Amino acid sequence: MTISPLLEQSSRIALAAFLHDLGKFAERAKIPVNQETLNANKHLYCPHRKKHVDDKGWFSHVHAAYTGLAMDLIEECMPDLKGTDFAPFGSWKTKDVDDSFINAAAKHHRPESFLQWIIATADRVASGFDREEFEQYNQAEEGTSTGKNHYTARQLTLFEQINKSNLDKHDFVYRYPLKPLSPDSIFPVKASGYEHNDKEKAQSEYNQLWQSFTQALTKLPKSHRNNWSLWLDHFETAWGVYTQAIPSATAFNVRPDVSLYDHSRVAAALATALWRYHLEKGQTDETAAKSLKDQQTSWKEPKFLLIQGDFFGIQDFIFASGGETNKRAAKLLRGRSFYVSLLSECAALKVLDALNLPATSQVINAAGKFMIVAPNTDDSKSALKQVRTELDQWFLAHSFGQAGVGLAWTEASCGDFKRGKAEDLEPSPYKKLIEKLFKQLEIIKNQRFELCRQPKDSIVFSEYLNSFNKDMGVCKIDGRSPATQLFDNQDYISELALDQINTGTWLAKAERERILITRDTLNMEHALKITIFGYHISFAKSEEEQGKFGEQAQNGNLLRAWDFSLPKSADQALWNGYARRNINAYVPRFDDSAEAEHKLGKYGNEPKLDWGDAKTLNHMACEDKILQENHQWQGITALSTLKGDIDNLGNIFKDGLGNNASFSKTAALSRQINNFFTVYLPWHCQSDASYRNTYTVFAGGDDFFLIGPWLSQIKLASTMRQAFQNYVAANPQVHFSAGISTTKPGLPITQLGEMAEIALEQAKAFEDKKNHLPKNAVSCFNQQMNWDDFHELTINRRQRLQQLSDAQSLSTGYVYGLLNLIEMAEKVAERPENALWHSYFAYRTVRMLERNKQLDKEQRKRRQEELAEEIANSGIVRHGGNYRVALFCHLYQQRD
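Participant: Would you take a moment to explain the overall build of the protein chain for this structure?
Facilitator: Counting its secondary structure elements, the protein chain contains 30 helices and 24 strands. Taken over C-alpha atoms, the radius of gyration comes to 30 Å for the protein chain, in line with the 29 Å a tight globule of 896 residues would show. For the protein chain, the spread of C-alpha atoms along the three principal axes comes to 100 × 75 × 50 Å. Counting across all 896 residues of the protein chain, residues that qualify as buried make up 58%. Here the contacts in the protein chain between residues at least 6 apart in sequence split such that 71% fall between residues at least 24 apart. With the model as given, the accessible surface of the protein chain reaches about 36200 Å², and the carbon-plus-sulfur share is 45%.

Participant: Mind showing me how you'd approach the pairing of strand E24 (residues 783-786) here?
Facilitator: Regular strands place side chains that alternate from one sheet face to the opposite one. As defined by bridge partners, strand E23 (residues 777-780) adjoins E24 across four bridges and the pair is classed as antiparallel. For alanine 777, the partnering residue across the bridge sits in E24 and is asparagine 786. The turn linking E23 back onto E24 is made up of two residues, and phenylalanine 781 within it adopts a positive phi angle of 50 degrees.

Participant: Where do I start with helix H14 (residues 378-398) in this structure?
Facilitator: When the terminal C-alpha atoms of H14 are compared, their 31 Å separation across 21 residues agrees well with the 30 Å that a helix rising 1.5 Å per residue should span. Turning to H14, the residues buried within the fold contact strand E5 (304-312), helix H13 (329-355), strand E7 (369-375) and strand E8 (404-412). One or two residues past the end of H14 sits phenylalanine 400, with phi positive at roughly 55 degrees.

Participant: Whenever I open this one, the packing of aromatic side chains confuses me. Can you help?
Facilitator: In this description, a pair of aromatic rings is defined by centroid distance and the angle of the planes. Counting across every chain of the model gives 48 aromatic pairs. Here phenylalanine 319 and phenylalanine 705 contribute two aromatic rings whose centre-to-centre distance is 5.0 Å and whose plane-to-plane angle is 50 degrees, an arrangement assigned as tilted. A residue pair is termed long-range when its members are at least 10 positions apart, and phenylalanine 319 in the loop between helix H12 (314-318) and H13 and phenylalanine 705 in strand E19 (residues 703-709) qualify at 386 residues. A single burial state applies to phenylalanine 319 and to phenylalanine 705, both of which are buried. Measuring from ring centre to ring centre gives 5.7 Å for phenylalanine 888 and tyrosine 892, while their planes differ by 25 degrees; the resulting arrangement is stacked. Taken together, the positions of phenylalanine 888 and tyrosine 892, both in helix H30 (residues 883-894) and four residues apart, correspond to about one turn of that helix. Taken individually, phenylalanine 888 and tyrosine 892 each receive the classification buried, so the pair is uniform in this respect. Site record: aromatic cluster; members linked through ring pairs are Phe18, Phe25, Phe86, Phe89, Phe101, Trp210, Phe213, Trp228, Trp231, Phe235, Trp239 and Tyr242. Above the face of the tyrosine 535 ring, lysine 350 is positioned so that its terminal group lies 5.4 Å from the ring centre. Across from the ring centre of tyrosine 578, 5.1 Å away, lies the NZ or CZ of arginine 514, which sits over that ring.

Participant: Is there a simple way to think about the sheet that holds E24 in this case?
Facilitator: Paired through backbone hydrogen bonds, the strands of a sheet run either parallel or antiparallel to each other. Read from one edge of the open sheet, six strands run E18-E19-E17-E20-E23-E24, paired in mixed fashion. Edge positions in the sheet fall to strand E18 (695-700) and E24, since each has one partner strand and no second. Each neighbouring strand pair of the sheet contributes to a mean axis angle of 15 degrees, computed without reference to strand direction. Of the strands in this sheet, strand E17 (639-646), E19, strand E20 (736-743) and E23 are in contact with helix H24 (residues 710-727), which crosses E19 at around 145 degrees. This element, helix H25 (residues 749-765), spans E17, E19, E20, E23 and E24 of the sheet and lies at about 140 degrees to E20.

Participant: I'm lost on the pattern of salt bridges in this one. Help?
Facilitator: Side chains that differ in sign of charge can pair as their charged atoms come close. Tallied over the entire structure, the rule returns 34 salt bridges. As a salt-bridge pair, aspartate 257 and lysine 665 come within 3.4 Å of each other at their nearest N and O atoms. Here the residue aspartate 257 occupies a position in the loop between helix H9 (228-243) and helix H10 (260-280), and lysine 665 occupies one in helix H23 (residues 663-687), the gap between them amounting to 408 residues. Residue aspartate 257 shares its accessibility class with lysine 665, and that shared class is buried. Salt-bridge contacts for glutamate 345 lead to arginine 581; the nearest nitrogen and oxygen are separated by 3.3 Å. Of this pair, glutamate 345 sits in helix H13 while arginine 581 sits in the loop between strand E14 (579-580) and helix H20 (592-599), and the two are 236 residues apart along the sequence.

Participant: I keep staring at the packing of H24 against H30 and nothing clicks. Help me out?
Facilitator: When two helices pack together, their arrangement is given by the angle between the helix axes and by the axis-to-axis distance. Interaxial distance between H24 and H30 falls to 11 Å at its minimum, and their mutual angle equals 150 degrees. Between H24 and H30, the crossing angle belongs to the class labelled roughly antiparallel. Judged by the twist between their axes, the crossing of H24 over H30 is left-handed. Along the contact surface, H24 presents Trp710, Leu711 and Ile714, while H30 presents Phe888, Cys889, Tyr892 and Gln893.

Participant: Even after reading the chapter, I still don't get the nonpolar core, so can you show me in this structure?
Facilitator: The tendency in soluble globular proteins is for nonpolar side chains to be buried as a group. Phe213, Trp239, Leu270, Phe417, Phe663 and Met720 are the most contacted members of the largest nonpolar core, which has 171 residues in total. For methionine 720, the residues in contact, after removing those within four places along its chain, are Leu642, Phe676, Phe677, Leu681, Phe704, Leu706 and Phe736. In this structure, Ile318, Val340, Val387 and Leu528 belong to the second largest nonpolar core, which totals 77 residues.

Participant: Would you take a moment to explain helix H4 (residues 63-74) for this structure?
Facilitator: Here H4 contains 12 residues, and its C-alpha end-to-end distance of 16 Å stays within 8% of the 16 Å for a straight helix at 1.5 Å per residue. Of all the residues in H4, the buried ones are His63, Ala64, Ala65, Tyr66, Thr67, Gly68, Leu69, Ala70, Met71 and Ile74. Packed against the buried residues of H4 are helix H2 (22-28), helix H3 (35-45), helix H5 (101-106) and helix H8 (199-217).

Thresholds applied
- Residues numbered from 1 in each chain as written.
- Predicted model: local features only at pLDDT ≥ 70, side-chain atom pairs only at ≥ 80, totals over all residues.
- Heavy atoms only, no water.
- Helix = DSSP H or I, 4+ residues; strand = E, 2+ residues; numbered from the N terminus.
- Rg over C-alpha atoms; globule rule 2.2 N^0.38 Å.
- Buried < 20%, exposed > 50% of the residue type's maximum accessible area, 1.4 Å probe, protein only.
- Contact = heavy atoms within 4.5 Å.
- Areas by Shrake-Rupley, 256 points an atom, 1.4 Å probe, with all protein chains shown as cover.
- Pairing = 2+ DSSP bridges.
- Expected span 1.5 Å × (residues − 1).
- Phe/Tyr/Trp six-rings, centres within 6.5 Å; stacked < 30°, edge-to-face > 60°.
- Lys NZ or Arg CZ within 6 Å of the ring centre and 35° of its normal.
- Axes fitted to C-alpha atoms, helices over the stretch in contact; angles between N-to-C directions.
- Salt bridge = Lys/Arg side-chain N within 4 Å of Asp/Glu carboxyl O.
- Parallel < 35°, antiparallel > 145°, perpendicular 65-115°, else oblique.
- Left-handed = near helix turned anticlockwise from the far one by under 90°.
- Core = buried A, V, L, I, M, F, W, Y, C linked by side-chain atoms within 4.5 Å.

Printed below as a string of structure tokens:
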């Protein structure tokens, strides 16, 4: 087994592009330098400027000089850079060799050779510059639109700009903290208490981050260095963790709103595809360099393929239900959700593998959708067609057409990535490209498996018919696949169902922290039975417990090694030495507290679980019960599903950033939206005691599906909404809607999914009559409302009703009777006599208070006024039918 030389070379191009702005990080950190070497580097890599003929001038973009210096500091953690074969570069860092690696990376502001122009062109295209705009940028002095320099400027958030125009520096209130990626650091903070003008303090902050970065690189497995693509995947994660909040551009009076990570990863993808296009066309000489330089013809030539992948049928795949599904519903849902993420990741890997492209060529990766930048060549298109066929065959064989990954590609030129200006009336070339990509995505969704192009007899699932065993029947888990084996001496299930159950079990045990993807089996105990698109999937413990698998890396068998462990703390950098995929989620487990509550009867007749086992849905349904002084548990046994997604996300990507959008900004926005659901949400559920019994079915991209104790999920919805508003810099134009469905445990998981979807659709259909704004709403107990009203009802009104109930001993019958009054109040327009609900309320309240013989007349009057103000006025009059939400929450908490 050998590693493809073309893949190795493509990985080196990608790394050169990734590191072209390494000097920005190093310069701002004020790394110690030899002044003579720095001056030599300035002459070699930096543009020289003069204001007039007699002026000695100065060097601009000094970070390019630091790029060369910084590489020396991280060289010991890099792959072998001094080998005789360092193609396509002439050498590692011989400065007098034009096509050395270091010159290609550092000369992006003064390119000369073909490879230098490849990196420089990718740098410009990633930013959306054309030649004229880049020349202006190249001559500009340091300084941002926020009035800060390259040391003191902190990164703006893209969210604050969405659907806004004519913004000036005073409109940007938030900044990202200059810290490694963690659950805390992905939230912006107010600039007024964070950003400053102290240059030395700013440099110290950068230096602290630099020291953490260089220390982090020492965790990269040494035994993986000879496998460039594998190592590069690891390096991208490390680079992303420590540069995700470093502003990429701080000159030319720009907005510092794109991170060094997002710019460099897009530049790496573009550079790799651009080099491969010219390589396969035989255009790698000085003529090609001149062509890239003049841009007149070269930038109009469609050299790129933007490959989009879209996993369809996710809900059908996750909620497929057989007769025995509910026995192990929690683990099965977690396993299936994780399996969906694996399928999406492996589909992207299949494309990269077929095209000999490194992981860095994948610029978007979120919730079943991905985008890969590839060279626009006949070989690429031929390989993609073969991959599409293989993906279709796998899904037809294992999901029988219920799910699949659609694959499509769109040609693009360098000029297609050009951004516009906010004041332009005509859409920018890049905005037109985005529109084209969205249309292509719609086509994918309506051409599943290309069945209309297939012969009629090919649609019949002959493999299904041939493999069906009458004695075993249909799989008891998914209700459609041919059963192939007996599981737990109880049920006949399919191999796919077994893999999903095992995956859920292994995740629940929290012993596995890495996924290994290999060409050949590793014969490990914890491995999937079915290969995914030809890849073997194994689950491994931590490096300390199970090693680095260096031999498999060196012989090319190990293609990917992903860390999917959950964060250990709110501020811990999400870096453990391996490429990271945020595809895991918190799983509630049976612990000491649960064991004590089991002894007290909280879980009724549910069996006691072993310590550390994942809680079942039946156990979770009991978690909102409250132990009373009489040692009895109060409250219903019920679950709530919480399903939601961001409103109008397509329009946000197409139009939200206006004409100023660029490829780097699109990639950054996708990553940041995904991080809320894949980084923050699992940590929030894990760390906040109120939500530790929440089971994440899926969360990522722009949507989420959670199951947990009924009231906890209702509270979580409100908490998530507030957190999301903080996350998007309080921009009211960016929001999500959610549907909550409350049920008794034991319903088929298919029905749970359907009810959650109906609730979400109801929320999406809501229009706030006060401001005529659609969506941005929640549905709960079949009532739809805006988020502020939901918070008011589930927190303030519910708690006040509880206080009055405790103080005045409100009977269950009295509270239930309020539901009838609400119905009357809702239909006053239809039946005028219903306006008497006020009188009915007063009568019922007086009668209830009269039964309490300990109250005198004044006390009864005062209590009647309290109830009238809270229930009639603040409740029914203010909220109408939505007041049912507060009542149901109260009533369900009171049940024994």
